[in-house]
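# What the coordinates show
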Amino acid sequence: MAKNEKINPSPKSNSLVTTIKQAFEIKRNPLPWTKAFCAGLCAALPSLIGLILGNFQYGLLAGIGGFTYLYVFNEPYAQRAKKLLSVLLCLTFAVFLGTLVAPYPILSALMIGGIGAIATFIFGTLKIPGPAAVFLVLGFAMTTGMPIDPSLAPLRAGLIFLGGTLSWLIAMAGWFFNPHGPETTAVKRVYRELASFLDSVGTETFNDAREKTVVAMKEANHTLIAGYISWQSSDFYKRLYLLNEHASIIYLEVLDRSVENNKKLPSALGESIRALTSSIEANKKSTPDRILQPDQDDEAVDHLFTSIYDADAIMNEPMSKINREIRITKQSVKTVFLGAFDKTSMVFLTAVKYGIILTIAALIAYAFEFNRSYWVPLSCAAVLLGSTIMSTFLRAIQRSVGTIIGVVIASLILSIHPEGFFISIIILLLTFLTELFIVRNYALATMFITPNALVMAESTTQMHNMPFFATTRIIDIIIGCLIGLLGVLLVGRTSASSLLPHLIAKTIRSQAQFLLMLFSEQRKDFHFEKSRVHIKMHTNLTNLRTVYTTALGERPSNKKALEFLWPVIFSIDQLGYLLDSSLNDLDRSVLSDEKLAQFLYILETLAQTAEHHRPYTEKDVPDINGFSKIQKEIISLQNAMNVCEKINL
C-alpha cells in the first residue's frame, strides 16, 4: 500500500457513525418553559405537602401520581380533562395491583407485560401523544420494589390518586384564561400552511406543501372535534370550526386551478392569508392588515381573493350574519377500537410485541435476582417507545449514555444524604429539566429522568456503598435497553414491510366502494359519515400511513424501492381527502353505470397490481363533472404504481 494512500471507511462504519451522530443531535424545538415548570411543581408539591403534614414518606409516594401531568399536550381542555382522569385512574390501579402481586414474581412479570400491551394499544388506537405506557409501567414496577405488604395497597393507591388529582387541577388551570387555546393554535397552523401552499403553486415544492396543508387540516379537524362539548358551544369555537372548513374550500379551489393552469399565483394571496392568520385569536376584533387585490384578468384568482375575504368575515362579523352551521360527526370509541383489532393494524401488532418483550425483560430480571430488578423492565419499556427499529436503536443509545451520566448525578446527590425540603427542591429541579430538554434530545432528558426516579425511590434508604449502587443501576438499565433492542430486532424486523402490499390493495378497494356510494343513485338518504364504508376507508388510510412509516425504519433489503413507494401512498392519501371533501357538495352529479363500472375496474386493477405485483397498463380515467381533482389523482396513482412495478417493488 502506498504511504499516502487513504483507506476509505466501509459503508457500514459510515452508517454507524451517522446513526450515533443522529442519536445526539440537538433539535431546535422551542423549549416548553411553562409545561416544564408545571411538571416540576406536580412532582415536588406532594412531597412538600407531606413534609408539612408530618409524613414525608407519604408525600414522596404521592409524587408518583404527579407523573399524570407528563401526559399533557396541546389538546383541547375537554379532551385533556378526560385523558388525564383516565391516566390518573390507571396509574392508581397500577400501583394498587403492583402492591398486591409483589409477593409473586412470575405473576408480576405477566402483569407488567399486560399493562404495557394494553396501554400501548389504547394510546395508539386513540392517537394520544406522549409517554404512553412508560409511567404506568413505572408506577407498577416501583411498587413491586417497595417493602412487600399487600395490605398497604389501598393506602398506596389512595396517595397516588391524591397526587394525580393535584396534577389534574394544575393541568386544567389554563381553561380559565384561554379555554380554546389549543383549537386556536391548530387553526392558525392550517392558515399558515395554506399560505405556503398558495406560494408553492407552479414550483417544485407544490406536492410537499400540499401534503402539509392536508395534514394540518386533518389534525385541526381532529382537535376541534375533540374539543366539542354538545351542551356548551361558544361563538368563538363555532368560528374556529367554520374557519377550518373554509380553509378546505380555499385549498380545493387552488387545487382546481392548478389542475387546469399550473402557473404561479400572485404573492398577495399568500400575504392576505398570513395577515388573516394573525387575527385568529379569542376576543380579538381587530381586522388584519388588508392586502389590496391586484389588477388582473384571472377569474379564478379573483374568486380566491373573495374566498379569503369570506374567511375574514367568519372571524370578525357577528355570528348572526354568518349563514352557516357547524355539523359535528364523531366516530364512536367502539368503532375506533374495532378498527384497530385487525391483522393488518400496526397498533395491535405493536402492542402485542411490546407486551411480550416487556414480560421477557421482567422474567429475566426476576430470574437472575437483580438488585431492584424493576429497573430492567422499566428501561426496556422506555426503549420500546421507538416506533421503528432505527428509533428503538437510537433510544437505546440515548438511554444508555444518559443513564450512565444520570446515575453519576444521582450518586452525588444521594451521597450527601439530602432530607425533607431539599429533596423536594431536587425533584422539582430534575423534573423541570427533564421536560425542558426532552423536546431537544432524549439523551439529555435521560440525564435528569434517571436521577429523579432514583432520588424518589432511594432517598429514604440507607446506602453506604455508593459505587455498588451506581454500578448495579447502570447494569440494570443497560440490560433492559439490550433486551428491548434485541426483542424488536427478532420480533419486528420486517413485519410492517410484509403488510404493505395487502394494505395498499385493501385501502384502494375501500376507496372504490366509497366512490361508488358517493356518485351513484344509492346515495339518497344515506348517512355517509357514520356508514361502514366511510369508516372502513378512514381506518385503512390510518393503518396504511402507520405501517409505511414503520416499514421505513425496519431497514428492509430493498429500502430504495420502499422509498419509491411514497408517491403511491401520497396519491392514496390525497384521493381519500378528495373523496371526503366531496361529501360537502350535496349537488354532486350521479355517474352512469358505465362510468362507475370503469372506475371500479381501474381501482380494482390497481389494487391487484399492488397485492400481486402484476404488470399495470394505464387506462383512461373517466371525468366527473365538477370533480376533476379526483380524476387527476387517480391518473397520478396510476403513474406512481407504474414506477413501482418497473423497479420490482
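Computed from a predicted model, the values in this text were never measured in an experiment. (Residues numbered from 1 in each chain as written. Predicted model: local features only at pLDDT ≥ 70, side-chain atom pairs only at ≥ 80, totals over all residues. Heavy atoms only, no water.)

Turning next to the overall build of the chain. Per the secondary structure count, the chain includes 25 helices and zero strands. Buried residues in the chain amount to 53% of all 649 residues. Partitioning the contacts of the chain with sequence separation of at least 6, the portion at a separation of at least 24 is 80%. (Helix = DSSP H or I, 4+ residues; strand = E, 2+ residues; numbered from the N terminus. Buried < 20%, exposed > 50% of the residue type's maximum accessible area, 1.4 Å probe, protein only. Contact = heavy atoms within 4.5 Å.)

A cluster of nonpolar side chains, Leu51, Ile416, Phe421, Phe422 and Ile425, forms an exposed patch at the surface whose accessible area comes to about 470 Å². In terms of residue count, the dominant contributor to the nonpolar patch is helix 17 (residues 420–437) (three residues). (Patch = residues over 30% accessible without salt bridge, like charges linked within 9 Å, V, L, I, M, F, W, Y side chains within 5 Å. Areas by Shrake-Rupley, 256 points an atom, 1.4 Å probe, with all protein chains shown as cover. Salt bridge = Lys/Arg side-chain N within 4 Å of Asp/Glu carboxyl O.)

For the pair helix 2 (residues 33–53) and helix 3 (residues 56–65), interaxial distance at closest approach is 7 Å and the crossing angle is 165°. When the axes of helix 2 and helix 3 are compared, the pair comes out roughly antiparallel. The crossing of helix 2 and helix 3 is right-handed. In this structure, helix 2 contributes Ala43, Pro46, Ser47, Gly50 and Leu51 to the contact, and helix 3 contributes Phe56, Gly59, Leu60, Ala62 and Gly63. Split into classes, the residues belonging to the contact of helix 2 with helix 3 amount to six nonpolar, four polar and no charged. (Axes fitted to C-alpha atoms, helices over the stretch in contact; angles between N-to-C directions. Parallel < 35°, antiparallel > 145°, perpendicular 65-115°, else oblique. Left-handed = near helix turned anticlockwise from the far one by under 90°. Nonpolar A, V, L, I, M, F, W, Y, C, P; charged D, E, K, R; others polar.)

Right, let's get into the confidence of the model for the chain. Taken over all residues, the pLDDT of the chain has a mean of 82, while the share at 70 or more is 86%. Scored below 50 in pLDDT, residues 1–13 makes two contacts in the model with residues more than four places away or belonging to other chains. (pLDDT = per-residue confidence, 0-100.)

Here we come to unusual backbone geometry. Positive phi values are uncommon outside glycine, yet Ala132 reaches one of about 50°. Looking at the secondary structure, you find Ala132 in the loop between helix 5 (105–125) and helix 6 (134–144). Its relative accessible area of 11% is what places Ala132 among the buried residues. Phi at His417 takes a positive value of approximately 50°, unusual for a residue other than glycine. Residue His417 is classed as partly exposed on the basis of its relative accessible area, which comes to 47%.

Counting residues in hydrophobic clusters, the biggest one holds 92 residues, and the most contacted among them are Tyr191 and Ile630. Apart from residues no more than four positions distant in its own chain, Ile630 is found in contact with Leu515, Phe519, Leu575, Leu578, Leu579, Ser582 and Ile624. (Core = buried A, V, L, I, M, F, W, Y, C linked by side-chain atoms within 4.5 Å.)

Between helix 3 and helix 7 (residues 153–172), the least distance of the axes is 6 Å, while the angle of their chain directions is 60°. Classified by the interaxial angle, the pair formed by helix 3 and helix 7 is oblique. In this structure, helix 3 meets helix 7 at a crossing whose hand is right-handed. Together, Tyr58, Leu61, Ala62, Ile64 and Gly65 of helix 3 and Leu155, Arg156, Leu159, Ile160, Gly163, Gly164 and Ser167 of helix 7 make up the contact between the two elements.

On to the environment of Ser258. Within the secondary structure, Ser258 is located in helix 10 (residues 235–260). Each C-alpha atom, one on Ser258 and one on Val201, is 6.9 Å from the other, the two residues being 57 residues apart in sequence. Not counting residues within four places of it along the chain, the set of residues in contact with Ser258 comprises Val201 and Phe206.

With that settled, the discussion passes to helix 24 (residues 593–612). For helix 24, with 20 residues, the first-to-last C-alpha span of 28 Å sits near the 28 Å given by 1.5 Å per residue. Just past helix 24, the residue His613 takes up positive phi, approximately 55°. (Expected span 1.5 Å × (residues − 1).)

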